[in-house]
Every structure is written in structure tokens, then in C-alpha cells.
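Structural description and commentary
Listed below are the residues making up each chain.
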Amino acid sequence: MKRILHLLAIAFVSLALIVPPVDAQNRTTGNRGNHSSQQTHRPENRPGNNGSHNRPDNRPQRPGNNGNHNRPDNKPQNRPQNKPQNRPQDRPQNRPGNSGNHNRPQDRPHNRPVQNRPNNNWHYGRPQQPRPPRPGIGHIPPGHTRPPMMRPPMRPHRPRPSHWSRPVPPPSWRPRPHAPSFAAILGITFGTALNLSLDYLINHGYTVDGYGNNVVYLRDINQFNYYWPDATLYYGNGGLARSEFLYSTSYPDMMRYNALYNSFTGTYGVPVNYTNSGASLSATWFAPNRGYITLQYNPQYSLGGQVRYFTTLTFGL
């Protein structure tokens, strides 16, 4: 009996030692429960996180984020990310000869047509088209006739008229082998009538100063690689007979004469007729068809009353 009481006493003391810690734990557990009851319960299953703090101001989730912190300043991001790229300033990217073609207004093809310009020594680069005719010299309308004479303007540097006679080769003359013949000058065949010559000259852009009395006055002619301020065409009963090209200076200058002399000598040989009187020189060559070339250099009075040094080149048939 005493043993049972002794065991009971031990059990009671042990129970007394155990009960207070359990009660304290229960009180602690109760406090936690009260604190949890005062807080707003939130689901702990946040997308992309261990839990989701879903506050009252939460908005739809933003795609591409682990967690959805939907604050009031966060706006929906469900906007199309691939915006169309065909803006007005965008242009095709296939430029010929490049990886892309930026067809801008200033871009033009490089294969432009090349303009064919005539190879003319004097009127280089100008289009080969007739000049507008001067008043009174153009085409004559049907039913009208060309005036018989049109006096040229005053040209003070032209020489005074002088006597002219056609040169004749001596009986012993023989043409140089392979020397060229000529039958036209300025594109007009010798023997062409004056009125037909005028039409040709006007239509081909020559400057006609005047005409009449079987003569046509021209200005600014390019012939034999030289510029001639004045030229004259002379006509007879058989049409165009000879042409004369004039160049003058106010001082002695034989450069043009010497250059042309060497050129004609190289083509037709030694001149048939040659004169040298100191201040005046003259030489004549003949072509195989008896066409002649006369080259002169001499000082003489001009129409303006001054002494000038003239180089005169004459072609005839």
C-alpha cells in the first residue's frame, strides 16, 4: 500500500512539473491565432512566387513577370509589341547594286543615255541644228521672191576690192601622185547657183551678212582648223566659182600663213607659182582636177582706212 502511494506521489509531482510548460505553449499558440485573425488573409499562391500578396488594388497580371506586384501606378501591358514598320518615311530597301534599295527622289539610275554631240572643231558640243535665219535671209514663202540684193553691214577690217584673175597651171605641170582633188567648199559644190547656195548656208547655220552682184558675204567661219572672221563666195555664169577666207591683224603676223603653207606643200608638193616681194608673199597649188589653192600675205588698206596685215586663202575650180 505504501508503495502504491509512493508511486502516486511521484506521478503527481511529475505531472505538476509537466503541466505549466504545456499551458504556456497553449497561451503562446492562442496569441498567434489572435494576431492572425486581425490580419487580412491573402492567398499564398502567387504566380511565379511562393505566395501571392493580393492586395485590394491588384490589377491584371503583366505578362512576362515572375510575380504580379500590381500597384496603382502599374498599367496593363497587353499592348502589341510588333508595331507595323511601314511608316511614310520607310522605303523599299532594294537599291540596284546594293543590299538594299533606298528609292529616294534624288536617287536616279546611273545608266543615263549619253548625248551624241557632233565632233566639230569650232562649234564643239553644240547640237547640230540650223540657227534661226536672220531677217530678210530666211526661206522665201510660196508666191514670194527673194530680194535681188542685200547689202552687208560695214566691216571696217575687210580689205578694199581688188582685181582678181584665175590662175592657170603651166603646160609642164603635173599633179602630185595621190594628191586629193576637191569639188566643193563649205559643203557647196562648185557650180551651184547663188539662190541654192543661200538656202544651204542658212539651213546649216552659217551667218550670212549679205548678198548680191554674184557674191555672198559670210562671217565667223571655221575652215582648215582656223577661225576666219570674214569669208566671201563669188559666182559667175556657171555658178559658184571660188571662195575667199580673210584674216587680218594690225601688226605683222605671218604665223598663219607659214602654217598653211607647210600644210599645202606637204599635200600638193612645191607650189606651182610663188612670189616674194619682201612685204608680200603668194603661193599657188593645183589639185589633180585643176582646182586651185592660193595663199597670200600682204599689208593693205582696209575699208576703215587703216593698214592691216591680211592672210587670204582662196579655193576655186
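These numbers were taken from a predicted model, which means no experiment stands behind them. (Residues numbered from 1 in each chain as written. Predicted model: local features only at pLDDT ≥ 70, side-chain atom pairs only at ≥ 80, totals over all residues. Heavy atoms only, no water.)

Burial analysis of strand 10 (residues 281-286) places 6 of its 6 residues in the buried class, which makes it a mostly covered element. Judged by which residues are buried, strand 10 turns out to be covered on both faces: L281, A283 and W285 on one side and S282, T284 and F286 on the other are all buried. Linking strand 9 (residues 273-276) to strand 10, which pair antiparallel, is a turn of 4 residues; within it G278 sits at a positive phi near 95°. Across 6 bridges, strand 10 lies against strand 11 (residues 292-301) in antiparallel orientation. Within the sheet, the bridge partner assigned to F286 lies in strand 11 and is Y292. In this structure, the hairpin formed by strand 10 and strand 11 is closed by a connection of 5 residues, where R290 is found at a positive phi of approximately 70°. (Buried < 20%, exposed > 50% of the residue type's maximum accessible area, 1.4 Å probe, protein only. Helix = DSSP H or I, 4+ residues; strand = E, 2+ residues; numbered from the N terminus. Pairing = 2+ DSSP bridges.)

A few words on the sheet that holds strand 6 (residues 215-223). Spatial ordering of the open sheet is given by 5-6-7-8-12-11-10-9, a layout of 8 strands whose pairing is antiparallel. Both edges of this open sheet fall to strand 5 (207-211) and strand 9, since each of them pairs with a single strand only. Sheet twist, expressed as the average angle between the axes of neighbouring strands with direction ignored, equals 20°. Sheet topology places strand 7 (residues 226-236) next to strand 8 (residues 239-249); 7 bridges connect them, and they run antiparallel. The residue of strand 8 that forms the bridge with Y235 is L240. Most of the contacts of helix 3 (residues 255-268) go to strand 10, to which it runs at about 25°, and overall it touches strand 7, strand 8, strand 9, strand 10, strand 11 and strand 12 (307-316). (Axes fitted to C-alpha atoms, helices over the stretch in contact; angles between N-to-C directions. Contact = heavy atoms within 4.5 Å.)

On to the side chain of T284, then. You can see T284 is positioned in strand 10. Once residues lying within four places of it in the same chain are set aside, the contact partners of T284 are P167, P271, V272, N273, I293 and T294.

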